[in-house]
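Descriptive structure summary
Below, each chain spelled out in residue letters.
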Amino acid sequence: MSPSHAGSSGTVSTTTVYDLAPDCTTESVDVGEHYHAAVNGVVPYGVFVDVSDHVSGLVHESVLQGEYGVGDSLIVRLDEVRENGDLSFSEATLEDYQTEAISDESDVTVDALADHQGGTVRLTGEIVQIRQTGGPTIFQVRDETGIAPSAAFEEAGVRTYPEFDVGDLVTLVGEAEKHDGSVQVEVESMSPVDDPGAVRERLDAALDEAAEPHDVAPLVEWEAFEPVFEDLRTVAKALRRAVLDGRPIRMRHHADGDGMCASVPLQHALERYIESVHADVGAPRHHLRRLPSKAPFYEMEDVTRDLNYALEDEERHGQKLPLLLMLDNGSTEEDTPAYRTLAEYDIPIVVVDHHHPDPEAVEPLVAEHVNPYLHGEDYRITTGMMCVELARMIDPDITDEVRHVPAVAGLCDRSRAEVMDDYLALAAEEGYDEDALDDVGEALDYLAFRLRYNDGTDLVNDVLNVACDDRERHEELVEFLATRAERDRDRQLDVTLPHLEAETLDNGANLYRIDVENHAHRFTYPAPGKTTGAVHDHKVREHDGDPVITIGYGPDFAVLRSDGVRLDIPEMVTELTDEHPGAGVSGGGHLVVGSIKFVPGKREAVLDALVEKMSEAEIDEDLRSTLLRDD
């Protein structure tokens, strides 16, 4: 509250002279009011005075009634606050006045800093990052409304306020100034808060409320999706809270069409939310990374790389260790060695996936796990469908940009969901027919192969038409990439089809095997998984409804595709592991698509045992024409 609003009421005419506490800022002064002041400098044209540690100004010689030296006291009247923030005072001689102490200074919140640019502000909050530059020390301080950079300088490259660390609650006072497009506080003083317990409780309550996701309705009505939708609200809150806490987010996703349909809308929503929380315009670049994963699980190579970068960022940039977000990946026992590695550093893990899970192995190691299988559903609810809703819970304003994405995700993973027609209708409202959506998925898969471990954010955004401002470029790019993908796939089929090994199993299924190591082009599109899928699609069309199984194998792996046969690949992997000790069997997938690894010396035994299990599998017409396109 400014002092002009704190004076006495009634008809008392005695002038009030305000005595400002040292930490008071320009928010505590008003033009026309009187203040106790002390001279801090004498110049030929007047004297400079302090009315607090952070509020100073000039008494010009023309309005100065006496002679003063440094340290002398006087009463001044505030005459003007100039556009550049300078204060102009005049000396006041008062015969009858009362003094009122001003010590209850109100903080400026982060979201209001821009309104106080050029003025002195006081900010109370938690330090969430400390970064030492070659010049000042940059403290990122969060309050109930956001996070602001605060620069403190003592000597170039020297850490200021070394007594404070990340997690401490502080009150700082300084000038709100524009720097590199952002408003930051140029710190003049920093001190611990008087009542940390109360401040912590206030901050946590406000941030917990702010983290609540938006109340959005699903894009389509779907009873099977309802329990998953509620789980996604929990994840949305965890992600929003991570942003509010200044914790970086590392997003790992399967490098395929559905993985991109899951990660790209979510990346877009999180970047927008980070921008709304951080006063630093460069925050999204530093606090969110999207990282594609080639393997269908979180490899030790990837977690080692991620952890190394996270520890470097903690050391060099003062960042908190990140939250790991696994998308279209992360639900299986194969992920657990990587998770145990992160557990050594208390890095939280959130998983949104639709592959057949191993909950007993995974859930003790993760903070949140969303998977339709946990609610008696299956892969027809794709990760892309889930993450579009998750993104809308974080920022509903992106809805019009992502309405077509669930249809792309469903086509990429050949979802047999009964609401696919509804998703296709939504996409049609945005000008996409089914062929166009198929081309988008094909282009995404082709791009994922070419990008390898690069996220290719801007290019991927243009292909998926999310955060893309040029629809014509999007369409031309999709047409080009999809055409290239089709050409390369046809070339691969030309060399693989003549080498197929065919047989009819006891259950009537048509089995095809292809050695993709020796009878397919290597190191080019499509990769072994996609090659197997292309061969499988070709044979499914050729058999026109009869059950088909395709195995594409190499020295130490096999990729499986099925149409019309209930394979339950995760269960087969478990059985093979028990039945063939020493074969190093691992893998997983869905009921009709998956992959298996083994040691090369056991390939023949494992594949023979696999085919025997396939011959005993149930023929299921409901699983026909549900081919997936996972790698």
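This report concerns the structure included in the present document.

Cut-offs used in this document
- Residues numbered from 1 in each chain as written.
- Predicted model: local features only at pLDDT ≥ 70, side-chain atom pairs only at ≥ 80, totals over all residues.
- Heavy atoms only, no water.
- Pairing = 2+ DSSP bridges.
- Helix = DSSP H or I, 4+ residues; strand = E, 2+ residues; numbered from the N terminus.
- Axes fitted to C-alpha atoms, helices over the stretch in contact; angles between N-to-C directions.
- Contact = heavy atoms within 4.5 Å.
- Phe/Tyr/Trp six-rings, centres within 6.5 Å; stacked < 30°, edge-to-face > 60°.
- Buried < 20%, exposed > 50% of the residue type's maximum accessible area, 1.4 Å probe, protein only.
- Parallel < 35°, antiparallel > 145°, perpendicular 65-115°, else oblique.
- Left-handed = near helix turned anticlockwise from the far one by under 90°.

**Considerations on the sheet that holds strand E20 (residues 548-553)**
In spatial order, the strands read E18-E19-E20-E21-E24-E23; together these six strands make up an open sheet with mixed pairing. Pairing within the sheet leaves two strands with one partner each, and these edge strands are strand E18 (501-504) and strand E23 (586-589). Within this sheet the neighbouring strands show an average axis-to-axis angle of 15°, counted without direction. Strand direction decides the pairing type here: E20 and strand E21 (residues 557-563), joined by six bridges, are antiparallel. If you follow Thr550 over to E21, its bridge partner there is Arg561. Contacts from helix H16 (residues 569-579) reach E21, E23 and strand E24 (593-597), with the element oriented near 165° to E23.

**Some thoughts on the packing of aromatic side chains**
Each aromatic ring pair is summarised here by two numbers: the centre-to-centre distance and the angle between the ring planes. Applying the stated criterion across every chain yields a total of ten aromatic pairs. Geometrically, the ring pair formed by Trp222 and Phe225 is stacked, given 5.7 Å between the ring centres and 10° between the ring planes. Pair check on accessibility: Trp222 and Phe225 agree, each one buried. Both rings, one in Phe449 and one in Tyr525, keep their centres 5.7 Å apart while their planes meet at 70°; by these two values the pair is edge-to-face. Linking Phe449 in helix H12 (residues 434-451) with Tyr525 in the loop between strand E19 (510-515) and helix H15 (528-543), this pair joins segments that are 76 residues apart in sequence. For Phe449, a relative accessible area of 12% corresponds to the buried category. According to the relative accessible area criterion, Tyr525 is buried, its value standing at 4%. Among the aromatic residues, ring-to-ring pairing joins Trp222, Phe225, Phe229 and Tyr423 into one connected group.

**Observations concerning the packing of helix H2 (residues 226-244) against helix H3 (residues 257-277)**
For the pair H2 and H3, interaxial distance at closest approach is 10 Å and the crossing angle is 40°. In this view, H2 runs oblique relative to H3, as classed from their interaxial angle. At the point where H2 passes H3, the crossing takes the right-handed sense. Taken together, the residues of H3 that come into contact with H2 (itself represented by Leu239, Arg240, Val243 and Leu244) are Leu266, Leu270, Tyr273, Ile274 and Val277.

**With respect to the pairing of E19**
Counting buried residues in E19 gives six out of six residues, a clear majority hidden from the surface. Of the two faces of E19, the one carrying Asn510, Tyr512 and Ile514 and the one carrying Leu511, Arg513 and Asp515 are both buried. Sheet analysis places E18 next to E19, joined by four bridges and oriented antiparallel. Bridge pairing in E19 links Thr504 to Asn510. Where E18 folds back on E19, the antiparallel hairpin that results is connected by five residues, among which Gly508 adopts a positive phi of roughly 95°. The sheet contact formed by E19 and E20 spans six bridges and is parallel. By the bridge assignment, Arg513 is partnered in E20 with Ile551.

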